[in-house]
Amino acid sequence: MKTYLIKDACIVNESATFHADVLIKHQRIEKIAPQIHTKEAVTEIVANGLHLLPGVIDDQVHFREPGLTHKANIQSEARAAVAGGVTSFMEMPNTNPPALTQALLEEKYKIAAQSSLANYSFFMGVSNDNYEEVMKTNAKKQEVCGIKIFMGSSTGNMLVDNALTLDKVFSGAELLIATHCEEEWMIRENLANLKASKGILEASDHPIIRNQEECFESSFKAIQFAKKYDSRLHILHISTEKELQLFSNMLPLKDKRITAEVCVHHLHFTADDYAQLGNRIKCNPAIKAASNRDAIWKALLDDRLDIIATDHAPHTMEEKGFYRKDGILTPYTSGDHAGYEKAHAGLPLVQHSLQLMLHYVKEGKISLEKVVEKMSHAVADCFQICERGYIREGYYADLVLVDLQNGQTVTPENIEYKCGWSPLEGFQFNATVKNTFVSGHLAYGNGQFDASKWGKRMVFSR
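Per-chain numbering applies: the sequence of each chain, read as written, is numbered from 1 onward. Totals for whole chains, interfaces and linings use every residue, but because this is a predicted model, local features are given only for residues with pLDDT of at least 70 and side-chain atom pairs only at 80 or more, for both listing and counting. Think of the side-chain values as coming from all heavy atoms in the structure, minus any hydrogens and water.

This part covers unusual backbone geometry. Note on backbone geometry: most residues besides glycine have negative phi, and most peptide bonds are trans. In the segment running from glutamate 65 into proline 66, the intervening peptide bond is cis, with an omega of 10 degrees. Segments assigned H or I by DSSP are reported as helices when at least four residues long, segments assigned E as strands when at least two residues long, and all are numbered from the N terminus. Take proline 66: it is sitting in the loop between strand E6 (56-61) and helix H1 (74-83). The residue after asparagine 96, namely proline 97, is reached through a cis peptide bond having omega 5 degrees. Along the chain, proline 97 falls in the loop between strand E7 (86-91) and helix H2 (102-113). The phi dihedral of glutamine 27 falls on the positive side, at around 75 degrees, and the residue is not glycine. As for its placement among the helices and strands, glutamine 27 is situated in the loop between strand E2 (16-25) and strand E3 (28-33). In this structure glutamine 27 comes out as partly exposed when scored by relative accessible area, which is 25%. Although it is not a glycine, aspartate 230 sits at a positive phi angle of roughly 55 degrees. When accessible area is computed with a 1.4 Å probe and restricted to protein chains, residues below 20% of their type maximum are described as buried, those above 50% as exposed, and intermediate ones as partly exposed. For aspartate 230, a relative accessible area of 47% translates into the label partly exposed.

Structure representation (structure tokens):
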């Protein structure tokens with residue numbers, strides 16, 4: 001592998017910002033110093049004060065392989081990830097077939113080893129009847145990021161609603177349990193009641209069907225199971241103000257047994273945006289009223305919420321209920337793809353999550369140091385990832401060089417997702433990703449990919 005010397009970078013790491021050079025050698029950060037001089041052959045990158053951040057670690061993505069590759073695959077979405085400064089991802093089990101056996105789980109690792117520019121890990125899936133297979137993951141706790149339970153139904157039909165199954169899994173799991181928390185019976189009741197009262201539903205009804213109460217009830221249930229057995233619980237994509245009372249900032253992250261994640265779309269969009277974007281922002285849990293977004297921001301900044309992620313979940317334009325007309329995303333008004341109930345839930349976001357948070361840095365909503373903490377350091381600590389998530393000598397060189405002075409508009413031409421669209425199209429970012437290093441390999445530089453080396457399987461210190 002090439003040896004790289006990054007000169008005059010403005011490094012943001014561990015709550016500090018400082019200028020230094022960084023030497024990258026044999027996949028790792030060899031040296032960090034105010035000035036580095038070496039006689040060995042190096043490829044020099046002159047940063048000229050560009051900001052060097054630890055690579056983003058996204059703990060929740062859906063890359064759709066195997067079985068759903070008409071909308072995405074590991075190779076395409078990992079490319080999108082590194083183009084956005086995401087150097088590592090953890091992918092969910094609701095593929096086709098779902099990762100409900102150890103053999104199916106390992107098959108996904110094999111695919112990634114031959115196609116992913118980013119580092120990777122995959123969650124083991126839980127169903128109502130695969131308890132024995134799930135428990136085999138305990139022997140692989142250093143090789144698998146966690147166990148995923150869908151306590152509310154979403155894409156992939158992996159609902160776990162058997163209380164006995166939940167009790168057994170929380171009792172027996174020796175590694176992190178990640179949960180999608182929505183209360184299924186409440187969702188179905190809300191849906192039936194709303195259809196009976198108004199007939200045809202629309203995108204703005206989504207947060208009424210998937211409301212604050214059903215999210216709270218499910219998150220509360222998961223926490224009761226976790227407290228009963230002192231399980232390591234991580235609740236994904238918190239979307240409501242009401243749920244925030246369930247989380248605390250009284251302990252440092254490394255000592256918490258119950259942690260929570262917020263996703264960029266719940267920090268950015270509100271229910272007001274359904275009027276313009278419609279089913280393009282339909283996702284589970286739903287984007288809700290602005291008061292929820294405001295409360296989530298507050299909880300993120302005071303550390304009740306621990307991690308920023310994406311829940312990147314691509315679908316084709318047709319599956320979302322729209323098409324391009326003269327380059328503009330246009331909703332279907334009739335036919336097989338029209339209407340709220342036919343539109344799939346989920347948004348493609350992994351390419352733009354870092355840029356979106358850098359937008360909020362410029363807006364004064366969050367500090368650059370806090371973005372690095374929540375998108376890199378905290379993820380590494382939460383999942384106990386070995387030697388990643390920080391800019392430290394001896395750690396893997398997962399790094400992203402960003403330009404905070406020159407922006408970029410999201411257009412169909414610069415979208416890397418296989419699905420070919422983004423809910424952020426037309427948005428003007430104020431920062432760009434210049435270079436992304438993955439385990440010391442310059443996977444993305446100045447708009448170009450280098451697929452001569454793939455990312456690595458993440459390892460966990462458990």
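Take the confidence of the model for the chain next. The score called pLDDT rates the predictor's confidence residue by residue, from a low of 0 to a high of 100. When pLDDT is averaged along the chain, the result is 97; 99% of the residues meet or exceed 70. Taken element by element, the predicted model of the chain shows its lowest mean pLDDT in strand E16 (residues 328-331) (92) and its highest in E7 (99).

Of all 10 residues that make up H1, eight are buried, and the element is covered over most of its length. Within the span of H1, buried status applies to Ile74, Ser76, Glu77, Ala78, Ala80, Ala81, Val82 and Ala83. Whether two residues are in contact is decided by their heavy atoms, any of which lying within 4.5 Å being enough. Where H1 is buried, its residues meet E7, H2, strand E8 (119-122), strand E20 (432-438), strand E21 (441-445) and strand E22 (448-449). A distance of 3.1 Å separates the backbone nitrogen of glutamine 75 from a side-chain oxygen at the start of H1, and that oxygen is part of asparagine 73. The first or second residue beyond H1 is glycine 85, which carries a positive phi of 85 degrees. Whenever two N or O atoms come within 3.5 Å, that pair is a polar contact, provided that in protein one can donate a hydrogen and the other can accept it, and provided that, for residues adjacent in sequence, both atoms are side-chain atoms.

Take the buried Ala, Val, Leu, Ile, Met, Phe, Trp, Tyr and Cys residues and link them wherever side-chain atoms come within 4.5 Å; each set so joined is a nonpolar core. Ranked by size, the top nonpolar core spans 97 residues in total, and within it Phe89, Ile149, Phe170, Leu305, Leu354 and Met357 carry the most contacts. Residue contributions to this core peak at six residues, all from H1. Those residues within four positions of methionine 357 in sequence are excluded, and the remaining contacts are Val264, Leu267, Trp297, Ile308, Ile366, Val371 and Met375. Membership of the second largest hydrophobic core comes to 21 residues, among which are Met92, Cys145, Leu253 and Ile307.

All right, on to the sheet that holds E8 then. What the three strands build is an open sheet, ordered E6-E7-E8; its pairing is parallel. The strands lining the two open edges of the sheet, one partner per strand, are E6 and E8. Put simply, the sheet's adjacent strands are angled 20 degrees from each other on average, direction ignored. In short, DSSP must find at least two bridges between two strands for them to pair. Both E6 and E7 contribute to a ladder of four bridges, which runs parallel. Among the inter-strand pairings, aspartate 58 is bridged to a residue of E7, identified as phenylalanine 89. The axes used here are C-alpha line fits, helices contributing only the stretch in contact, and every angle between their N-to-C directions lies in the interval 0 to 180 degrees.

With that settled, consider the side chain of arginine 64. Examined against the element boundaries, arginine 64 turns out to sit in the loop between E6 and H1. All tallies of charge rest on Lys and Arg as positive and Asp and Glu as negative; His and the ends of each chain are not included. When a carboxyl oxygen of Asp or Glu is within 4 Å of a side-chain nitrogen of Lys or Arg, the pair counts as a salt bridge. As a buried residue without a salt bridge, arginine 64 has its nearest oppositely charged side chain in glutamate 91, at a separation of 6.8 Å. In terms of polar contacts, arginine 64 uses its side chain to reach the backbone carbonyl oxygen of proline 314, at 3.1 Å.

So, on to the sheet that holds strand E11 (residues 177-180). Strands sit in the order E9-E10-E11-E12-E13-E14 across an open sheet of six strands; the sheet is parallel. The open sheet has two edge strands, strand E9 (124-125) and strand E14 (307-309), and neither has a second partner. Where strand E13 (residues 258-263) lies against E14, three bridges are found, and the strand directions are parallel. Bridge pairing in E14 places cysteine 263 opposite alanine 309.

Considering all chains together, one arrives at 28 salt bridges under this definition. With its nearest N and O atoms 2.9 Å apart, the salt bridge here joins arginine 304 to aspartate 302. With a relative accessible area of 26%, aspartate 302 lands in the partly exposed category. Aspartate 303 is paired through a salt bridge with lysine 370; the nearest N and O atoms lie 2.8 Å apart. Note that aspartate 303 is positioned in the loop between helix H10 (290-301) and E14 and lysine 370 in helix H13 (residues 368-383), a separation of 67 residues in sequence. Via salt bridges that share partners, Glu106, Lys140, Glu143 and Arg457 belong to a single interconnected network.

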